[in-house]
Amino acid sequence: MNTSTLTLDSVESKKSKTLTGSEAVIQSLIAEGVDTIFGYPGGAIMPIYDALYHYEDQIKHILVRHEQGAAHAAQGYSRVSRKTGVCFATSGPGATNLITGIADAQIDSTPLVCITGQVPSSLLGTDAFQETDVVGISMPVTKWNYQVTKPEEIPEAISRAFYIANSGRPGPVLIDITKDAQFGEFEFEYKKCERIRSYQPYPSLSMDKVDEAIELINNAKKPYLLIGHGILISQAQKQLTQFVEKSGIPFASTLLGLSAMPDDHPLYVGYLGMHGNYGPNVKTNQCDVLIAIGMRFDDRVTGNLESYAKQAKVIHIEIDPSEIDKNVKTAVAINCDAKAALIALTDKVKRNSYPEWLAEFHECDKEEYKKVIQHEMNPNSESIRMAEVVNSLSEKTKGKAIIVSDVGQHQMVTSRYYKYLQTDSNVTSGGLGTMGFALPAAMGAKLAQPEREVIAIIGDGGFQMTLQELGTIAQYGINVKIIILNNSFLGMVRQWQQLFFEKRYSFTEMSNPNFGLIAQGYGIENHKVEERENLDKSIEDLLKHQGPYLLEVVVEKEENVFPMVPSGASVADIRLE
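Presented here is an overview of the structure given in this document. (Residues numbered from 1 in each chain as written. Predicted model: local features only at pLDDT ≥ 70, side-chain atom pairs only at ≥ 80, totals over all residues. Heavy atoms only, no water.)

### A look at the overall build of the chain
Right, so step 1: A count of helical and extended segments in the chain gives 24 helices and 20 strands.
Right, so step 2: For 577 residues, the compact-globule estimate of 2.2 N^0.38 gives 25 Å, and the C-alpha radius of gyration of the chain, at 24 Å, lies within 12% of that figure.
Right, so step 3: The C-alpha extent of the chain, read off along each of the three principal axes, is 70 × 60 × 40 Å.
Right, so step 4: The long-range share in the chain, meaning contacts at least 24 apart out of those at least 6 apart in sequence, stands at 77%.
Right, so step 5: Total accessible area computed for the chain in this model is approximately 22,600 Å², and 48% of it derives from carbon and sulfur atoms.
Right, so step 6: The average position of the 54 basic charges and that of the 71 acidic charges among the side chains of the chain differ by 5 Å. (Helix = DSSP H or I, 4+ residues; strand = E, 2+ residues; numbered from the N terminus. Rg over C-alpha atoms; globule rule 2.2 N^0.38 Å. Contact = heavy atoms within 4.5 Å. Areas by Shrake-Rupley, 256 points an atom, 1.4 Å probe, with all protein chains shown as cover. Lys, Arg positive; Asp, Glu negative; His and termini not counted. Charge placed at Lys NZ, Arg CZ, Asp CG, Glu CD.)

### So, the side chain of N145
Right, so step 1: Within the fold, N145 resides in strand β6 (residues 144-148).
Right, so step 2: Judged by its relative accessible area of 13%, N145 is buried.
Right, so step 3: Of the polar contacts made by the side chain of N145, one reaches the side chain of S138; its length is 3.0 Å.
Right, so step 4: Not counting residues up to four positions away in its chain, the partners in contact with N145 are V135, S138, M139 and L174. (Buried < 20%, exposed > 50% of the residue type's maximum accessible area, 1.4 Å probe, protein only. Polar contact = N/O pair within 3.5 Å; in protein donor to acceptor, adjacent residues only side chain to side chain.)

### A short note on the sheet that holds strand β20 (residues 549-554)
Right, so step 1: The six strands are arranged β16-β15-β17-β18-β20-β19 in an open sheet whose pairing can be described as parallel. For this open sheet the edge positions go to β16 (426-428) and β19 (525-529), each flanked by a neighbour on one side alone. The average angle at which neighbouring strand axes cross in this sheet is 15°, direction not considered.
Right, so step 2: Where strand β18 (residues 481-486) meets β20, six bridges bridge the pair, whose relative direction is parallel. Its bridge partner being in β20, I483 is matched across the sheet by L551.
Right, so step 3: Across the face of the sheet, helix α4 (residues 67-81) comes into contact with β15 (402-405) and β16 while running at roughly 155° to β16. (Pairing = 2+ DSSP bridges. Axes fitted to C-alpha atoms, helices over the stretch in contact; angles between N-to-C directions.)

### Topic: the packing of helix α2 (residues 21-31) against helix α8 (residues 154-165)
Right, so step 1: Relative to each other, α2 and α8 sit at 30°, their axes nearing to 9 Å. Regarding the angle of α2 to α8, the classification is roughly parallel. In this structure, the crossing between α2 and α8 has a hand that is right-handed. Contact with α2, carried on its side by G21, A24, V25, S28 and L29, involves I154, P155, I158 and F162 of α8 and no other residues of that element.
Right, so step 2: Considered class by class, the residues forming the contact of α2 with α8 number seven nonpolar, two polar and no charged. (Parallel < 35°, antiparallel > 145°, perpendicular 65-115°, else oblique. Left-handed = near helix turned anticlockwise from the far one by under 90°. Nonpolar A, V, L, I, M, F, W, Y, C, P; charged D, E, K, R; others polar.)

### Looking at the sheet that holds strand β5 (residues 112-118)
Picture the strands of a sheet paired through backbone hydrogen bonds; they go either parallel or antiparallel.
Right, so step 1: An order of β3-β2-β4-β5-β7-β6 is seen for the six strands of this open sheet, with the pairing classed as parallel. This sheet does not close on itself; its edge strands, each paired only once, are β3 (60-63) and β6. Between one strand axis and the next, the sheet turns through 20° on average, direction left out of account.
Right, so step 2: Where β6 meets strand β7 (residues 172-178), five bridges bridge the pair, whose relative direction is parallel. Each residue of the ladder has a partner; that of Q147, found in β7, is D176.
Right, so step 3: Each of β5 and β7 touches helix α6 (residues 99-107); the most contacted strand, β7, lies at about 145° to it.

### What to know about helix α10 (residues 207-218)
Right, so step 1: In this model α10 runs 16 Å from its N-terminal to its C-terminal C-alpha over 12 residues, within 8% of the 16 Å that 1.5 Å per residue would give.
Right, so step 2: Buried within α10 we find V210, A213, I214, I217 and N218. Buried residues of α10, viewed axially, fall in a sector of 120°; they line one side. Turned more than 90 degrees from where α10 packs its buried face, D208 and E215 sit exposed.
Right, so step 3: Packed against the buried residues of α10 are α12 (237-247), β12 (289-293), β13 (313-318), β14 (332-335) and α15 (338-348). (Expected span 1.5 Å × (residues − 1). Arc of directions from axis to C-beta.)

### With respect to the packing of aromatic side chains
Right, so step 1: For the structure shown, the criterion picks out 14 aromatic pairs.
Right, so step 2: Geometrically, the ring pair formed by F297 and Y308 is edge-to-face, given 5.9 Å between the ring centres and 75° between the ring planes. Of the two residues, F297 sits in the loop between β12 and α14 (299-302) while Y308 sits in the loop between α14 and β13, which places them 11 residues apart along the sequence.
Right, so step 3: Relative to F361, the ring of W357 lies with its centre 4.9 Å away and its plane at 70°, an arrangement referred to as edge-to-face. With W357 and F361 both in helix α16 (residues 355-376) and four residues apart, this pair spans about one turn of that helix.
Right, so step 4: Every member of this aromatic cluster is reached through a ring pair, and the members are F186, F188 and Y190. (Phe/Tyr/Trp six-rings, centres within 6.5 Å; stacked < 30°, edge-to-face > 60°.)

That is the geometry; function is a separate question.
Below you can see the structure in the form of structure tokens.
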């Protein structure tokens, strides 16, 4: 992290000048290198928007259609740029509409700075128009929050916010600024935050712990490595490659760890989790040393904790001490940044290979292909299957697009069938599982990486939660490609109802609108495909199109996603059918 003394000319020139609080907000954001803000104006934040009017040449503001879209767009921007996303909202309903996105960012460790307007400080606690205690509401889902009531507090609050948001285990922060603080004047000076006395974001690496881990790894017969989002956050992809290739250890990825390493790496054995690949799940309960880096042993990865990896010595490398021994008890805990730990481990690990152990994973692959993949990719089935769509897209983009998936069956199919060959290419809602995430997040991702292809894969249910953001895409000409996999069901819920509730499809069937006409209403090119023979050309047309494009693919209505670890079951009890 760059914590050098502020030297930006735009701020230096203001040091001895009097600024309003609203001007100070914008100047502080410029000092932090912010170039894009997602937001929605309103009465309590209007002074900040008035100040922003004069900085259009330095900061791009994207007017979303709903504040939840602002938070998700800022997430998408952050996840592919590894910078802090920024969003604005007004008080009351504007601020509360951000909460879902903030909670999503918190559990998925995405750095955001959210700035909300608030009623004048003299009206706090009076139930004034559009007054809500957003600091109290957001406290459980933010890494830090603060209410500013005096203009002179603004520079330090913003400086701290950026430092906290994007250091250690990243997360969202919120600054609530009263309207009188936005209007008030003071002598502005900005200093980047270099440290906070009570906050230690980067634990020191214990070489004793490294030595303990190396002792286990070097003597293992069946070591197994699990990689998570922490690899991408730490930007430790190179260090991970070096460790894997020297140690020869097979590795699997969590949902948010996808694209940390290319899927075609010879030691990559697949995707973990409830709907992950067969081998990575069952072999968890057969390894003798389990190494987890930058992941938190989420319940969707572990299944029943009482039977999870009980035979293995567990090494957990994790920057957040609260995650260590929370779910899975460790033999060796290395509380440290992933990159620093990998460098130390690589230096000491023996050069090795485990061909017989790796072959066991490949045997599982054959079983999965026979019972699952062959069925899902069956060209003779009556209806198009989700796997066919994702597989075709993967081949036509050569695994190098940024894929932003929503939440549901299509998310699991995308994670299984898109072959990520370029890093920082997977953006999805993991821990919170927020339907409606993908469309606004794809906007943010595209604005952060305009030179890369960005494709949102969304179910018909999730699409209708934030489809208003088509207006944002159209207004700014954001070249996002959208694929709706339409099965006219809330597919994942329906699957559970079929498997565990005797096919009682209680309120999961969808009566959908004409998605093409909706896109047309926003001036967005679109196409609908229902026949398999038209699928490949439709995807090619989507990719060739210059500008935003919506492709609706009608897929099998009652298709189930396998493999599947039933809720509460052991990972060893994963079902293939």
